[in-house]
Amino acid sequence: MSKHPDAVLVRRGYEAFSKGDLETLSTLFTADAIHHVPGNNPLSGHHKGREAVMDLYRRLGEETKGTLRIDLHAVLADGRGHVMSFHTARADRGDRGIEVQEGLFFTIVGGKITDIDQCTQDIDEEDVFWS
């Protein structure tokens, strides 16, 4: 059975993100895409527009001095433009480290990512890490 194109798109995004290839990653998003980051820390909020989303991803790399690693566990596509992914995020920042389970809920329209809602296993741990 072939993989759904929306799941393939999300996996391509994870691959580009893991390589730090923001040029390729940016081509997977609509111009008005939004990434919603939960919590109460400097990265929390609604990052609106492709450039703002790419700036968020750049900042993740900068803040962790390139130590952020994502271990993708699963990608589920419903065939109606929704994809869920589950991964473990690991990073160091200053004298802090983090290892946390996260999930992303994607909305895909016309073969492009329009919206990402981010969820985390431990919002308090993420707030401390990113603050």
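What counts and what doesn't
- In every chain, residue numbers begin from 1 and rise along the written sequence.
- Per-residue local features of the predicted model are confined to residues with pLDDT of at least 70, and side-chain atom pairs are confined, for both listing and counting, to 80 or more; whole-chain, interface and lining totals are unaffected and use all residues.
- Values reported for side chains reflect all heavy atoms of the structure, with hydrogen atoms and water molecules removed beforehand.
- Strands here mean DSSP runs of E at least two residues long; helices mean DSSP runs of H or I at least four residues long; both are numbered from the N terminus.
- To sort residues, take the accessible area from a 1.4 Å probe on protein chains only and compare it with the maximum for the residue type: under 20% means buried, over 50% means exposed, and anything in between is partly exposed.
- In what follows, a contact means two residues having at least one pair of non-hydrogen atoms within 4.5 Å.
- The accessible surface values rely on the Shrake-Rupley method and a 1.4 Å probe; as for residues, cover is taken only from the protein chains in view.
- Asp and Glu count as negative and Lys and Arg as positive, but His and the ends of the chain are not part of the count.
- Note on charges: their place is set at NZ of Lys, CZ of Arg, CG of Asp or CD of Glu.
- In this scheme, a helix's expected span is set at 1.5 Å multiplied by one less than its residue total.
- Read the arc as the range of directions from the helix axis to the C-beta atoms.
- The working definition used for a salt bridge is a side-chain nitrogen of Lys or Arg within 4 Å of a carboxyl oxygen of Asp or Glu.
- For this analysis, a polar contact is any N or O atom pair within 3.5 Å, provided that within protein one partner can donate a hydrogen and the other can accept it, and provided that sequence-adjacent residues contribute only side-chain to side-chain pairs.
- Here is the rule: rings of Phe, Tyr and Trp (six-membered ring for Trp) pair when centre to centre is within 6.5 Å. Planes less than 30 degrees apart are stacked, more than 60 are edge-to-face, and the remainder are tilted.

(A) Spatial organisation of the overall build of the protein. Counting its secondary structure elements, the protein contains 4 helices and 6 strands. In sequence order, the secondary structure elements of the protein are arranged as α-α-β-β-α-β-β-β-β-α. With respect to the principal axes defined by its C-alpha atoms, the protein has extents near 45 × 30 × 25 Å. Looking at the protein as a whole, 41% of its 131 residues are labelled buried. Taking contacts inside the protein between residues at least 6 apart in sequence as the whole, the part at least 24 apart equals 47%. Put simply, the protein shows about 7,300 Å² of open surface, and 52% of that area lies on carbon and sulfur atoms. Here the protein contributes 15 positively and 22 negatively charged side chains, and the mean placements of these two sets differ by 5 Å.

(B) Structural context of helix α3 (residues 50-63). Here α3 contains 14 residues, and its C-alpha end-to-end distance of 20 Å stays within 8% of the 20 Å for a straight helix at 1.5 Å per residue. Looking only at α3, the buried set comprises V53, M54, L56, Y57 and L60. Mapping the buried residues of α3 onto a view down its axis gives an arc of 150°, with all of them on the same face. Exposed and facing more than 90 degrees away from the buried side of α3 are E51 and E62. K65 lies just past α3 and shows a positive phi near 50°.

(C) Structural context of the pattern of salt bridges. Here the structure, examined in full by the defined rule, presents 6 salt bridges. Note that E63 and R93 form a salt bridge whose closest N and O atoms lie 2.7 Å from each other. Of this pair, E63 sits in helix α3 while R93 sits in strand β4 (residues 82-93), placing them 30 residues apart in sequence. Judged by its relative accessible area of 18%, R93 falls in the buried class. The salt bridge involving R90 is made with E99; its shortest N-O contact spans 3.4 Å. In the salt-bridge network here, residues are joined through shared partners; they are R59, E63 and R93.

(D) Examining the side chain of T88 more closely. On the secondary structure map, T88 appears in strand β4. Judged by relative accessible area, T88 falls into the buried class, the value being 2%. Within polar-contact distance, the side chain of T88 engages the side chain of H73 at 2.6 Å. Every residue in contact with T88, bar those within four places of it in the chain, is listed here: R69, I70, D71, H73, E99, V100 and Q101.

(E) Representation of the packing of aromatic side chains within the structure. Inspection of the entire model under this criterion finds 3 aromatic pairs. Between F17 and Y57 the ring centres are 5.5 Å apart and the planes differ by 90°, which places this aromatic pair in the edge-to-face class. Of this pair, F17 sits in helix α1 (residues 5-19) while Y57 sits in helix α3, and the two are 40 residues apart along the sequence. On the basis of relative accessibility, which here comes to 10%, the residue Y57 falls in the buried class. Each ring, one from F29 and one from Y57, has its centre 6.3 Å from the other, and the planes form 55°; the classification is tilted. A residue pair is termed long-range when its members are at least 10 positions apart, and F29 in strand β1 (residues 29-37) and Y57 in helix α3 qualify at 28 residues. The burial state of F29 is the same as that of Y57; both residues are buried. An aromatic cluster of three or more residues is present, and its members are F17, F29 and Y57.

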